[in-house]
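# Remarks on the overall topology
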Amino acid sequence: MSKLASFENRVVFMGDSITQGWSVAIPEFFEGKPYIRKGIGGQTTQQMIARFQKDVINLQPELVVILAGTNDIAGNTGPTTNEMIQLNISKMANIAHINGIKVILSSILPAYDYPWRPGTFPSQRIIDINTWMKNYCEQNSHIYLDYWTAMADDNNGLKDEYTYDGVHVTKAGYNLMQSLVEPI
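To start, this report covers the structure provided alongside it. Note that the structure is predicted; figures quoted are calculated from it, not measured.

Quick look at the overall build of the chain now. The number of helices and strands found in the chain is 7 helices and 5 strands. When its helices and strands are written in sequence order, the chain yields β-α-β-α-β-α-α-β-α-β-α-α. Projected onto the principal axes, the alpha-carbon positions of the chain cover approximately 55 × 35 × 30 Å. Taken across its 184 residues, the chain has 51% of its residues classed as buried. Within the chain, residue pairs in contact and separated by at least 24 positions form 70% of the contacts whose partners lie at least 6 positions apart. Carbon and sulfur atoms form 52% of the exposed surface of the chain, whose accessible area is close to 8700 Å².

Right under this line is the structure:
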């Protein structure tokens, strides 16, 4: 049996630093399971599209969980409109779907501000993109995974117990995320 064939029900977690940090905070989440973490810190949706073939399609997963968009809003590679982010997320979903891969689009996690780009105040943009994403999933038979509702505080930022800097997730945050994604 080939190495690729030995992983039934393979799931690729595609994302940025939040996805990257998951296996550091909770390594047991990935151990002994057909879960493959493909998170790269700081990446935007455009950068994820560039590696989508290699990091998702070539691995032949049954399912891809995409968590993306916060670095676009932060302007990591320059100004990006909501429409550009939405187009990039829909491109990844379409590429996966065309290749027979089920799609879960994860809401962008709450953030009141970005420590590396203070004064951005991204919360309304995050809410707007998440609303679009939920509707897009309903219209395209994808699954929308709502982390935002469970993790948001009264200021539309991450609850203190789930973050150490307002953006990145603590072990408690990853535990909550795990409890939401695994049933799916």
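The next point concerns the packing of aromatic side chains. In the structure shown here, the tally under the stated rule is 13 aromatic pairs. Their ring planes at 65 degrees and their centres at 5.4 Å tell us that Tyr112 and Phe121 sit as a pair that is edge-to-face. Owing to a relative accessible area of 45%, Tyr112 belongs among the partly exposed residues under this scheme. A relative accessible area of 47% means that Phe121 is categorised as partly exposed. The rings of Phe13, Trp22, Phe29, Phe30, Tyr35 and Tyr174 are connected pair by pair, giving a single aromatic cluster.

Moving on, we come to empty space enclosed by the protein. As enumerated under the stated definition, the model contains 2 cavities of 30 Å³ or more in all. The space that makes up the largest cavity amounts to roughly 40 Å³. Along the walls of the largest cavity sit Phe13, Thr19, Trp22, Val65, Leu67, Ser106, Tyr147 and Met177, which together make up its complete lining. For the lining of the largest cavity, the elements supplying multiple residues, two or more each, are α1 (17–25) and β3 (63–67). For the lining of the largest cavity, a count of residues per class yields 6 nonpolar, 2 polar and no charged. Computed from the structure, the second largest cavity encloses a volume of approximately 30 Å³. If you go around the second largest cavity, the residues you meet are Asp16, Ile18, Leu67, Ala68, Thr70, Ile108 and Leu109.

One pass over the full model with this rule turns up 5 salt bridges. Between Lys33 and Glu182 there is a salt bridge, and its shortest N-O distance comes to 3.5 Å. Of this pair, Lys33 sits in the loop between α1 and β2 (35–39) while Glu182 sits in the segment after α7 (171–181), and the two are 149 residues apart along the sequence. Look at Lys33 and you get partly exposed, because its relative accessible area is 27%. Close ionic contact of Lys102 with Glu62 constitutes a salt bridge, the shortest N to O distance being 3.5 Å. Placement of Lys102 in strand β4 (residues 102–106) and of Glu62 in the loop between α2 (45–55) and β3 is noted, with a sequence separation of 40 residues between them. Note on Glu62: relative accessible area 35%, which makes it partly exposed.

Glancing now at the pairing of β4. Among the 5 residues in β4, 4 count as buried, and that is most of the element. When β3 meets β4, the two strands line up parallel, connected through 4 bridges. Paired with Leu63 across the bridge in β4 is Lys102. In this structure, β4 lies alongside strand β5 (residues 143–145), joined through 3 bridges in parallel fashion. Directly across from Ser106, in β5, lies its bridge partner Leu145.

Attention now moves to the layout of surface pockets. Counted as a void, the largest pocket has a volume near 190 Å³. Along the wall of the largest pocket there are 15 residues; nearest its centre are Val11, Tyr35, Leu63, Glu182 and Ile184. Residue assignment for the lining of the largest pocket shows that the elements contributing at least two residues are β1 (11–15), β3 and β4. Residues belonging to the lining of the largest pocket are distributed by class as follows: 11 nonpolar, 1 polar and 3 charged.

The next subject is the pairing of β2. Pairing of β1 with β2, which is carried by 5 bridges, proceeds in the parallel orientation. Bridge pairing in β2 places Val11 opposite Tyr35. What joins β1 to β2 is α1, and the crossover it makes is right-handed.

Cut-off values and rules
Residues numbered from 1 in each chain as written. Predicted model: local features only at pLDDT ≥ 70, side-chain atom pairs only at ≥ 80, totals over all residues. Heavy atoms only, no water. Helix = DSSP H or I, 4+ residues; strand = E, 2+ residues; numbered from the N terminus. Buried < 20%, exposed > 50% of the residue type's maximum accessible area, 1.4 Å probe, protein only. Contact = heavy atoms within 4.5 Å. Areas by Shrake-Rupley, 256 points an atom, 1.4 Å probe, with all protein chains shown as cover. Phe/Tyr/Trp six-rings, centres within 6.5 Å; stacked < 30°, edge-to-face > 60°. 1 Å grid on protein atoms, 1.4 Å probe; cavity = no way out; pocket = protein on both sides within 12 Å on 5 of 7 lines; lining within 4 Å. Points joined across faces, edges and corners; volume = space filled by probe spheres on them. Nonpolar A, V, L, I, M, F, W, Y, C, P; charged D, E, K, R; others polar. Salt bridge = Lys/Arg side-chain N within 4 Å of Asp/Glu carboxyl O. Pairing = 2+ DSSP bridges. Right-handed = clockwise from strand over helix to strand, strands pointing away.

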